[in-house]
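Okay, here's what each chain looks like letter by letter:
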Amino acid sequence: MPTTTRLPLLRAVPPGVWTALTWCVGTAYPIVMSIRLPGEVPVNPVRDPWDPFFVTSWWYLAIATALALAGSVLLRRRPLLAVALLLAGSVAAAMALNSTRIAFLQFLAADVALGFLAAAQARRTSIVATAMALSVLAGHSAVRVLLGYPIGTSTQLTVALSAIIAWLIGNSVRQSRDHADRMAAQATAQAVTAERLRISRELHDSVAHNMSIIALQAGAASRVIDTQPTAARSAMTAVETASRQTLSELRRMLGILRHADEPQDALAFDPPPGLADVERLAAATGAAGVQVQLRWLGDHRPLPTDIDISAYRIVQESITNVVRHAATTACRVTIDQRDGEIAITVDDDGRGHGQRRGTGHGIAGMRERTELLHGHFHAGPRPEGGFRVTARLPVLAAHR
């Protein structure tokens, strides 16, 4: 719990605050080290506080701190100016401490600023800022050499390397963030595509079957309306029933789409169909002229919702293909709920499937549903004639 509550607060701290804190710590350390603490052996003679050199050093240090704090304030709004002020403060601090080089502690605040710029600002800005830092380090050493003063070459090289490392770390953070953003955008695009496919599949499965029934019944009614009005009336009743079922499915799908941001359990939508509705599906198909012989095997136990819906849709689409393409009056549906899986087999003795091979999306949709559930699907002609669809969907042990 403490980690989850503190991290957002740390991320909310402006980078200028971190830069200012770094400067204060880096400046306080040499000051503390120059003071003789209790129990320490004096290394250097104690200076008079009013020594002009000592007073001048304090003035330089005050100016350096003012420059660094001003740069910290401007870091987000004027990044290059802020870096220039931080670098000027580093030089002033080196003069205050009478150092032969710009020490790492006095340059650490500039390193923090470079890392922030590399992570949050345009790459050109961060590169210019890093070049400024390296130029100041080189210029400071060159001026001291020209004036005949000694320089700490190894320390200056280490400080220059720290500036480059700070830029590399910030740039790495930037690249990681950009990569995460790209992955998030790609995942969002894939989710949108998957959702479109799911909606398309649901609409196809729910509408295609009923529309096939409506087309068959309407055609039968038109042929016998003059000679067999009772049969025509029965066919039109079946058309009305199938139409209402189609409208109900469409209303459910559209309702889910319109309330996509609301919890599904809070919406008063009709539940999606499952294997419990297969008997009604078989009866409706039989009324359209294709008799469905339904056989249940194994234990008829409740299934997870996704498996239950997918199993029903596979049966529905298989029967729809029989009605539309098989040119037969009967088919057989076997649902076998075994230990660890549910197996679905739909057979027919028709000849129409071969005429429509490679067209439509029904078989592809059934295969996709099965593969999403890590199952096995096969559809093809039977050796003895006709067509067979088989699907095996695994059921987790927790749902058995």
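Everything that follows concerns the structure shown earlier in this document.
Residues numbered from 1 in each chain as written. Predicted model: local features only at pLDDT ≥ 70, side-chain atom pairs only at ≥ 80, totals over all residues. Heavy atoms only, no water.

**Q** When you look at the pattern of salt bridges in this model, what are you seeing that I'm missing?
**A** Proximity of charged atoms lets side chains of opposite charge pair with each other. All chains considered together, the criterion is met by 10 salt bridges. Salt bridges sharing common partners tie together Arg 332, Asp 349, Arg 382 and Glu 384. (Salt bridge = Lys/Arg side-chain N within 4 Å of Asp/Glu carboxyl O.)

**Q** Please explain the pairing of strand S4 (residues 376-381) as it appears in this structure.
**A** Consecutive side chains of a regular strand alternate in pointing toward one face of the sheet and then the other. Across 6 bridges, the pairing between S4 and strand S5 (residues 387-394) is antiparallel. Residue pairing in the sheet places Gly 380 in a bridge with Arg 388 of S5. Hairpin connection of S4 to S5: 5 residues between the antiparallel strands, including Gly 385 at a positive phi of 110°. (Pairing = 2+ DSSP bridges. Helix = DSSP H or I, 4+ residues; strand = E, 2+ residues; numbered from the N terminus.)

**Q** Could you clarify how one ought to interpret unusual backbone geometry in this entry?
**A** Backbone phi values are negative for most residues with the exception of glycine, while trans is the configuration of most peptide bonds. Despite not being glycine, Ala 327 has its phi angle at roughly 55°, a positive value. Checked against the element boundaries, Ala 327 lands in the loop between helix H10 (305-326) and strand S2 (330-338). Positive phi values are uncommon outside glycine, yet His 374 reaches one of about 60°. Within the secondary structure layout, His 374 lies in the loop between helix H11 (362-372) and S4. On the basis of relative accessible area, His 374 is assigned to the exposed category, the value being 71%. (Buried < 20%, exposed > 50% of the residue type's maximum accessible area, 1.4 Å probe, protein only.)

**Q** Looking at this model, I keep getting lost on the pairing of strand S3 (residues 341-348). Mind explaining?
**A** The buried fraction of S3 amounts to 6 of the 8 residues, a majority that puts the element mostly inside the structure. Inspection of the sheet shows S2 paired to S3 by 8 bridges, in the antiparallel sense. Within S3, the position partnered with Cys 331 by the bridge is Asp 348. Linkage of S2 to S3, two consecutive antiparallel strands, is achieved through a turn of 2 residues, within which Gly 340 is found at a positive phi near 95°. Note that S3 and S5 share 8 bridges and pair antiparallel. Of the residues in S5, the one forming a bridge with Asp 348 is Phe 387.

**Q** I tried to follow the environment of Ser 310 on my own but got confused; where do I start?
**A** Looking at the secondary structure, you find Ser 310 in helix H10. Judged by its relative accessible area of 8%, Ser 310 is buried. C-alpha of Ser 310 to C-alpha of Leu 275: the two residues are 35 residues apart in sequence and 9.0 Å apart in space. When near neighbours in sequence (up to four residues on either side) are disregarded, Ser 310 contacts Arg 369 and Leu 373. (Contact = heavy atoms within 4.5 Å.)

**Q** Which parts of the structure should I look at to understand the sheet that holds S2?
**A** Within a sheet, neighbouring strands are paired by backbone hydrogen bonds and run either parallel or antiparallel to one another. Pairing is mixed across the open sheet formed by 5 strands, whose spatial order is S1-S2-S3-S5-S4. Of all strands in the sheet, those bounded by a partner on one side alone are strand S1 (291-298) and S4. For this sheet, the mean inter-axis angle between neighbouring strands, taken without regard to orientation, is 10°. Where H10 meets the sheet, its contacts fall on S1, S2, S3 and S5, and the angle it forms with S3 comes to roughly 5°. Lying over the sheet, H11 contacts S4 and S5, oriented at roughly 155° with respect to S4. (Axes fitted to C-alpha atoms, helices over the stretch in contact; angles between N-to-C directions.)

**Q** Looking at this model, I keep getting lost on the packing of helix H4 (residues 79-96) against helix H5 (residues 104-120). Mind explaining?
**A** Pairs of packed helices are described in terms of their axes, by the angle between the two and the distance that separates them. Contact geometry for H4 and H5: axes closest at 8 Å, N-to-C directions at 165°. Put simply, H4 runs roughly antiparallel to H5. Crossing angle aside, the handedness with which H4 passes H5 is left-handed. Residue-level contacts link Pro 79, Val 83, Leu 86, Leu 87, Ser 90 and Ala 93 of H4 to Gln 106, Phe 107, Ala 109, Ala 110, Ala 113, Leu 114 and Leu 117 of H5. Taken together, the residues that form the contact of H4 with H5 break down as 11 nonpolar, 2 polar and no charged. (Parallel < 35°, antiparallel > 145°, perpendicular 65-115°, else oblique. Left-handed = near helix turned anticlockwise from the far one by under 90°. Nonpolar A, V, L, I, M, F, W, Y, C, P; charged D, E, K, R; others polar.)

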